[in-house]
Amino acid sequence: MNDAIIRLEEVSYRYPDGTSALNNCTLGIHRNRRTAVLGANGAGKTTMFLHLNGIVQPTSGRLFWGNTPLDYSRAGLRKLRSKVGMVFQNPDSQLFSASVREDISFGPMNLGLDISTVRQRVDKALQAVAMAELADKPVHNLSYGQKKRVCIAGVLAMEPEIIVLDEPMAGLDAAMQLELTAVLEKLHGGGITIVIATHDLDFAYGWADQTLVMESGRVLAHGTPDDILLRPEVGETLGATPQVAEIIHSLSLIGIDLRGNGYLPRTKDELVKAITAFAGREDTP
Amino acid sequence: MLTEQSAYTNRWRWVSPTAKGILTCSGIVAAFAASSPRASLLVAALLMATAIFGAGIPATRYLRVGAPALLFLGASCLSLLVTLKFTHGGGTLTMQSNPAELSHIARMCGRSCACLTALLLLTLTTPLSDIISLLRSCKVPDTLLDLMTLCYRTLFVLSAAIHETITAQSARLGHSTLALSLRSMGGLVANLTIQVWQRSQALHIAALARNNDGALRFLEHPFAHSRRHITMASGAGVTLILLAVLIP
Ligand SMILES: Nc1ncnc2c1ncn2[C@@H]1O[C@H](COP(=O)(O)OP(=O)(O)OP(=O)(O)O)[C@@H](O)[C@H]1O
Ligand SMILES: [Mg+2]
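Residues numbered from 1 in each chain as written. Chains lettered and ligands numbered in written order. Predicted model: local features only at pLDDT ≥ 70, side-chain atom pairs only at ≥ 80, totals over all residues. Heavy atoms only, no water.

Visitor: Would you take a moment to explain unusual backbone geometry for this structure?
Guide: With the exception of glycine, the majority of residues adopt a negative phi angle, and the majority of peptide bonds are in the trans configuration. All names here are of chain A. Here the phi dihedral of N24 falls at roughly 45°; this positive angle occurs in a residue that is not glycine. Mapping N24 onto the fold places it in strand β2 (residues 20-30). Within the chain, E159 stands out as a residue other than glycine whose phi angle is a positive 50°. Take E159: it is sitting in the loop between α5 (144-156) and β7 (162-166). With a relative accessible area of 39%, E159 lands in the partly exposed category. (Helix = DSSP H or I, 4+ residues; strand = E, 2+ residues; numbered from the N terminus. Buried < 20%, exposed > 50% of the residue type's maximum accessible area, 1.4 Å probe, protein only.)

Visitor: For this particular structure, what's the right way to read the interface of chain A and chain B?
Guide: Bring the parts together and some accessible area is lost; that lost area is often taken as the interface size. Chain A puts 39 residues into the contact, and the matching count from chain B is 31 residues. Regarding the contact of chain A and chain B, the summed buried area is about 3,200 Å², with carbon and sulfur atoms giving 60% of it. When residues of chain A are sorted by the area they lose upon contact with chain B, F96(A), F106(A) and H140(A) head the list and together hold 22% of the total. Viewed at the interface, chain B and chain A are joined by three salt bridges. For R153(B), the salt bridge is made with D92(A), and the minimal N-O distance between the two is 2.8 Å. Linking chain A to chain B there are 10 residue pairs in polar contact (both at pLDDT 80 or more). Secondary-structure elements contributing two or more residues to the side of chain A that touches chain B are α2 (74-83), α3 (100-110) and α4 (115-128) of chain A. When residues of the side of chain A that touches chain B are assigned to their parent elements, the largest contribution, nine residues, is made by α3(A). Among the residues making up the side of chain A that touches chain B, the classes are represented as 18 nonpolar, 12 polar and nine charged. (Contact = heavy atoms within 4.5 Å. Buried area = accessible area lost by both parts, 1.4 Å probe. Salt bridge = Lys/Arg side-chain N within 4 Å of Asp/Glu carboxyl O. Polar contact = N/O pair within 3.5 Å; in protein donor to acceptor, adjacent residues only side chain to side chain. Nonpolar A, V, L, I, M, F, W, Y, C, P; charged D, E, K, R; others polar.)

Visitor: Where do I start with the state of the cysteines in this structure?
Guide: Two cysteines form a disulfide when their sulfur atoms are joined by a covalent bond. Residues and elements named next belong to chain B. In the structure shown here, the tally under the stated rule is zero disulfides over all chains. With no disulfide of its own, C77 lies closest to C109 among cysteine sulfurs, the gap being 3.6 Å. Among the residues examined, C77 registers a relative accessible area of 9% and is labelled buried. Among the cysteines around C113, which has no disulfide bond, C109 carries the closest sulfur, lying 4.9 Å off. A relative accessible area of 15% means that C113 is categorised as buried. (Disulfide = S-S within 2.5 Å.)

Visitor: What is the right way to look at the pairing of strand β4 (residues 60-65) of chain A in this model?
Guide: Along a regular strand, successive side chains alternate from one face of the sheet to the other. Residues and elements named next belong to chain A. For strand β1 (residues 4-14) and β4, the ladder comprises five bridges, and the chain directions are antiparallel. Along β4, the bridge assignment pairs R7 with F64. Between β4 and strand β5 (residues 68-69), which pair antiparallel and follow one another directly, the connecting turn spans two residues, one of which, G66, has a positive phi of 65°. (Pairing = 2+ DSSP bridges.)

Visitor: So what exactly am I meant to see when it comes to the nonpolar core here?
Guide: Nonpolar side chains in soluble globular proteins tend to be buried together. All names here are of chain A. Core analysis: the largest hydrophobic core is formed by 57 residues, its most contacted members being I104, L156, I163, L165, L187, I194 and L229. Here the element with the most residues in this core is α5; it accounts for six residues. Domain assignment of the residues forming this core places at least three in each of domain 1 (6-241) and domain 2 (242-285). Excluding anything up to four places from it in sequence, L156 contacts A125, A128, V129, I163, L187 and I192. (Core = buried A, V, L, I, M, F, W, Y, C linked by side-chain atoms within 4.5 Å. Domains from an automatic or database assignment.)

Visitor: Just to check I follow, could you spell out the sheet that holds β1(A) for this structure?
Guide: Two pairing modes exist for strands in a sheet, parallel and antiparallel, and in both the strands are linked by backbone hydrogen bonds. Residues and elements named next belong to chain A. Ordered by their spatial adjacency, four strands build an open sheet running β2-β1-β4-β5, and the pairing between neighbours is antiparallel. Taken across any chain shown, the strands that pair with only one partner, and hence form the sheet edges, are β2 and β5. Relative to β2, β1 runs antiparallel, the two sharing seven bridges. Each residue of the ladder has a partner; that of A4, found in β2, is H30. Where helix α1 (residues 45-52) meets the sheet, it contacts β1, β2 and β4, and its direction lies at approximately 120° from that of β1. (Axes fitted to C-alpha atoms, helices over the stretch in contact; angles between N-to-C directions.)

Written out as structure tokens, the structure reads:
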């Protein structure tokens, strides 16, 4: 827990209307990991994310950046927000300008960078999300997925250490989801820590190396997907278990053990490959 | 929406907004400097030709965008031209026009036409985001421009929201009779009010998350050959004003 880049300690948060959204929530986000945050609707994922960016302050409990408590002064928040990039769920409520380029420049301009640096970063971010060709289209003529990518580019251009995405895959078609996964993979390869809230259990199982399951404002389980997502209490709160894991389990019941070489498939593609390999092994005695 | 389409697709999309702004301002100055209605109509015709042949805006679209303003102009000129009089004796209504005022009205009409075409030239060739950055470089107060930026963006978000709500209401027979329709309209307004509030809240949070602390700042688009375009526009503008003054 101590190598966490940012962590919440016993954080509780109550909305002004009295709804208690976080209850003694303790968790850490680890550097250079892909963290998936899971939980039923209303479990507190979005509220937790708002804490990571300093948008809301805990009613009780504390947050730490490394080992120093978060500083909620103007300068402190400025520093925090330049390190933690936040992509919200609805693109229409976070795009300010009708021009793609202008909107992406918004964050870097707020950081007070000089014009040529901003221009460079905007171009780099457009490349990273493969939107360079559409940069001069007005935002209101873009598709939902394209708007979403503009939002991500807007955060990328600030070059944060952590990117927090609230349900980035929601509303995207399968091809767009794959593309977005590739974009995220590239970012992660570039050394950015990524945190994603998602309802897609299969995606989380295949993509994440850390999973965090939330239930009624607290962390129910935290660990690697293999470790966590197969637990009965997690299955109960999420209402499902990863399909790949279920299939592997069923196959083991009829004597097919894909675990053979110590490697457990986590995505559909890996599963298909493992089954094919298994079949090959059976054929050639 | 027509204006919007032309602004993004015309031949002059990548001409510096400053140049287009200069041309428009010269057009307005020429409209007022014109010595006769004939001169101002000539200015109007030239500006219109510039938009259609220079910037490549289809003539039909140009007329469709200009038509409401022209109709309005026509109606107001007509009402100035003709005064209704109620004669006391016979109790009859008669129309009168005052020939002395005719030249006055003609001049005003010509001027308005020229101003209209000048503004159309700018709005049909320049997306609003570019116009806003042009205004910014003219030192228009930031608050006003931020408001324009947000309104422009929100316009599309809300029109989409209205469209979706109406579709959803119709799908549940919300507009099948007049009474239901009125009721649904009420629902739409109520729903929209909350949406506006929530969206402004969400925008505020999103602005904070991207480290904003007040004014909205954006990168301005670099325009190629802008110096050359500005020189050309200035030349054309001066010519236009001279023409307007010199033509009897
Ligand atoms: N602005 C608000 N005012 C009052 N209560 C709120 C507000 N936003 C969220 N809540 C409440 O806080 C709790 C946690 O909500 P939160 O949005 O964090 O959940 P979530 O895990 O993101 O859910 P979802 O998967 O549906 O996005 C919920 O009970 C919700 O009703
Ligand atoms: Mg949420």
